[in-house]
Amino acid sequence: MIALLVRDLKLAMRAGGGFGLGLAFFLIVVTLVPFGVGPKSSLLAAIAPGILWLGALLACLLSLDRIFALDWEDGSLDLLATAPLPMEAIVSVKALAHWATTGLPLVVAAPIFGLLLNLPVEGYKPLILSLILGTPALSVIGTFGAALTVGLKRGGLLLSLLVLPLYVPTLIFGAEMARRGVAGLDNTTPMLMLAGITCGTIALLPFASAAALRVNLR
Amino acid sequence: MVMAISVSDLSVARGGIKVLEGISFTLASGQALVLRGPNGIGKTTLLRTIAGLQPPISGKVEATPESIVYAGHTDGLKATLSVLENLNFWAQVFGNKDISGAMKQYELTTLADRPAGALSAGQKRRLGLARLLVTGRLVWVLDEPTVSLDRDAVAMFAGAVRAHLGQGGSALMATHIDLGLDEAAILDVAPYRAKAPEPDDFDGVFL
Amino acid sequence: MNSIWEYANPKKFIQTTDKVLPWVSILSCVALVVGLIWGFFFTPDDYRQGSTVKIIYLHVPSALMAINAWMMMLVASLIWIVRRHHVSALAARAAAPVGMIMTVIALLTGAIWGQPMWGTWWAWDPRLTSFLILFLFYLGYIALWAAIENDDTAADLTSVLCLVGSVFAVLSRYAVNFWNQGLHQGASLSLDKEENVADVFYHPLLVCIAGFVLLFIALVLLRTRTEIRARRMRALLARERMG
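In what follows, the accompanying structure is described. (Residues numbered from 1 in each chain as written. Chains lettered and ligands numbered in written order. Predicted model: local features only at pLDDT ≥ 70, side-chain atom pairs only at ≥ 80, totals over all residues. Heavy atoms only, no water.)

**What to know about helix α2 (residues 21-37) of chain A**
Residues and elements named next belong to chain A.
Piece 1. With 17 residues, α2 extends 25 Å from end C-alpha to end C-alpha; this agrees with the ideal 24 Å at 1.5 Å per step.
Piece 2. Taken together, the buried residues of α2 touch α3 (41-62) and α6 (87-116).
Piece 3. Directly beyond the C-terminal end of α2, a positive phi value near 95° is found at Gly 38. (Helix = DSSP H or I, 4+ residues; strand = E, 2+ residues; numbered from the N terminus. Expected span 1.5 Å × (residues − 1). Contact = heavy atoms within 4.5 Å.)

Structural data, given as structure tokens:
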């Protein structure tokens, strides 16, 4: 399992691996928002948590179809399926690798982007905390979507259509947690809900993803 | 003689359509079996079913658990990883460490640091076949293993198979090339081609 | 062989629905005509809402069916996963577009009703938002069915999606409720209809709901028959190729 994780991380870092693409996309979204809504700093500060969450979500979505598609094309997935690893473990490791290469950099970069959007000082802690808690769920749910669409020729668009509705609860609680934090309100409830969703998806969704992957390998 | 794979009355389907039916054979350790048959007859489907990648329609495949390693048309190589890294990865997945034997057998030592993407088709295939050696599994299920290999490489492969059989392993492969493996039995799957179902049988499978 | 699973055989299903379908269709027509005419012409106007309240006879039943259709798909998907009855998977597939249209009707009539009542076509009220999300779930489900060529693979994958989607739909419902109570506690737009509907409105509403249920059953049966025949046609073509 560790070998698979190391390999996936290595592949992401090497040329053409797509590492950093998500980050660049995140930056572009954050840059474009003020062009769209105007440069008024009070307005930007008010929408900053939501924009950062949406940007993270879209950046995550961008790299989802790579999770299995490349391994599917070159036959690695067939070979992994016959290897002595349970499919659930493969799926979980893939989700972890996806999070480490997209979610984690986004969390790290979020403060800088918050700066661009005039995020108030007291908002940084809840925002980053909400992203740390929420982005793993985004990766795990996305892995499920990728497992559903892996065999399809043009699965990319369909993947977004399937995954985005599933992202709704995570987005709501994540953004709500950040927003309440920025406003200086108590954000325990959304934080607990967000943590609950993340834990629940990590615990249960790999079984569904593995089932979908097995069906697709037939 | 220890039984490696036992297939009884197996039917397999591709894309929801039954292609082969009633196949039975046994493969003992130390034996090799070559599948023959025209294109599209379902050799790949049969091999994938035996490897456990898809469920059979009916019949049974019996094998020691975790004894089968499958190699398909694609080699599962990552273009940006080096030959060594690719092979090391598969060795680790199967819980082995030593890959030097496999590197030597397929003469990959000089290519060790080359990225797999820069290899020729034949070299890639050699790397894909070297993977079989590092898995340490006894039953090889191979689909067209000799595609894009030159004559020397085919001999290398035949040598590897022979050595594998000598160590109590076994091999099941679909190939059209004569490997020079005299000990290999040949099974022509053409007679097992699935017949069209009866028209009245309009039940669960809609036919 | 006197079990309910007997009807999971495509042939038996077609034979049974041959007899059942006309009756269900007629009943649904009668219930809808009676319910709608009764509701539209023989009930008094509401003292607050005037005649706009009458859209309730379309809005409430369609909203109910939008949710129930998904429930039915969930049950059918579970049956497919557990017992592998093809008719079950095809029934789930057949129900999806019907459920989606019900969702659209609920959203549209809601907007038409909301305009005079709340002064807006759309508000991010928890209920409206949940229905919009439900619509997206239907869209994804149908798109996945359409995208996969192999029928059994498609049935398996959509069943898994339906299961996971159901959990997330419920989660979304709670999340949305939570979200709009959140910071901006604006005017609460949700109307708890069932409670403050007087008997005069209630009886024709029940008839309309019955009509919609029957309509749904009739449409799903009809569409399942179509799916079975389409599937049989593909199977026959495949057999011909095998020759």
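**Here's the deal with the sheet that holds strand β4 (residues 58-63) of chain B**
Residue and element names in this part refer to chain B.
Piece 1. Read across the sheet, three strands follow the order β2-β1-β4 without closing on themselves; strand pairing throughout is antiparallel. This sheet does not close on itself; its edge strands, each paired only once, are β2 (17-28) and β4. Neighbouring strand axes in the sheet, compared pairwise and without regard to direction, differ in orientation by 15° on average.
Piece 2. The pairing of strand β1 (residues 3-14) with β4 spans five bridges and is classified as antiparallel. Opposite Ser 8, over in β4, you have Lys 60 as the bridge partner.
Piece 3. Across the face of the sheet, helix α1 (residues 43-50) comes into contact with β1, β2 and β4 while running at roughly 125° to β1. (Pairing = 2+ DSSP bridges. Axes fitted to C-alpha atoms, helices over the stretch in contact; angles between N-to-C directions.)

**Overview of the sheet that holds strand β8 (residues 185-188) of chain B**
All names here are of chain B.
Piece 1. Sheet architecture is open: five strands sit in the order β5-β6-β7-β3-β8, paired in parallel fashion. With one partner strand each, in any of the chains shown, β5 (68-71) and β8 form the two edges of the open sheet. Neighbour-to-neighbour, the strand axes of the sheet open up by a mean angle of 15°, direction not taken into account.
Piece 2. Sheet analysis places strand β6 (residues 139-143) next to strand β7 (residues 170-174), joined by five bridges and oriented parallel. Across the sheet, residue Val 139 finds its bridge partner in β7, namely Ser 170.
Piece 3. Contacting β5 and β6, helix α4 (residues 121-135) crosses the sheet at an angle of about 175° to β5.
Piece 4. Running over the sheet, helix α5 (residues 151-166) touches β3 (32-36), β6 and β7 and is turned about 145° from β7.

**A short note on a nonpolar patch on the surface**
Piece 1. Together, C:Trp23, C:Ile26, C:Val30, C:Val33, C:Val34, C:Ile37, C:Trp38, C:Phe41 and C:Phe42 make up an exposed nonpolar region whose accessible area comes to about 970 Å².
Piece 2. Tracing the backbone through its elements, the reader meets C:Ile37 in helix α1 (residues 10-41). (Patch = residues over 30% accessible without salt bridge, like charges linked within 9 Å, V, L, I, M, F, W, Y side chains within 5 Å. Areas by Shrake-Rupley, 256 points an atom, 1.4 Å probe, with all protein chains shown as cover. Salt bridge = Lys/Arg side-chain N within 4 Å of Asp/Glu carboxyl O.)

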